[in-house]
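# Close look at the chain arrangement
Here is how the chains run, residue by residue.
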Amino acid sequence: MQKDGGWVDAMRMLVPEPAKLYTWWSYRALDWEAADKGRRLDHIWVAPALADRVSGVRVMKQLRGWSRPSDHVPVTATMEV
């Protein structure tokens with residue numbers, strides 16, 4: 001679908017490979033942060049016409065460390081309009 005619509009991966013545009021980019025960490029990993037193993041399950045895709053307006057992305061990893069957290073963390077993008 002990404003290729004069909006010509007969508008741009010806003011997160012990878014600003015955090016290029018090979019940098020790790022996780023948005024999910026298993027509850028099975030007791031020390032999930034030290035293990036530094038996760039998956040990227042959450043994405044932000046933008047239309048090509050908007051790609052140059054993305055000025056920042058944020059993966060709120062610190063929220064995974066809260067008591068009783070979700071295994072996913074919020075992901076946001078900032079766009080200049």
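First things first, this report covers the structure right here in the doc.

Calculation criteria
Residues numbered from 1 in each chain as written. Predicted model: local features only at pLDDT ≥ 70, side-chain atom pairs only at ≥ 80, totals over all residues. Heavy atoms only, no water. Phe/Tyr/Trp six-rings, centres within 6.5 Å; stacked < 30°, edge-to-face > 60°. Buried < 20%, exposed > 50% of the residue type's maximum accessible area, 1.4 Å probe, protein only. Helix = DSSP H or I, 4+ residues; strand = E, 2+ residues; numbered from the N terminus. Contact = heavy atoms within 4.5 Å.

### Points about the packing of aromatic side chains
Applying the stated rule across the entire model yields two aromatic pairs. When the ring of Y22 is compared with that of W25, the centres are 6.4 Å apart and the planes differ by 90°; the resulting orientation is edge-to-face. For the pair shown, Y22 and W25 are each scored as buried. An aromatic cluster of three or more residues is present, and its members are Y22, W25 and W32.

### Describing the side chain of T23
Residue position: T23 is located in the loop between α2 (10-14) and α3 (32-35). Take T23: its relative accessible area is 0%, and that puts it in the buried class. The residues touching T23, leaving out its near neighbours within four places in the chain, are M11, R39, R40, L41, D42, V59, D71, H72, V73 and V75.

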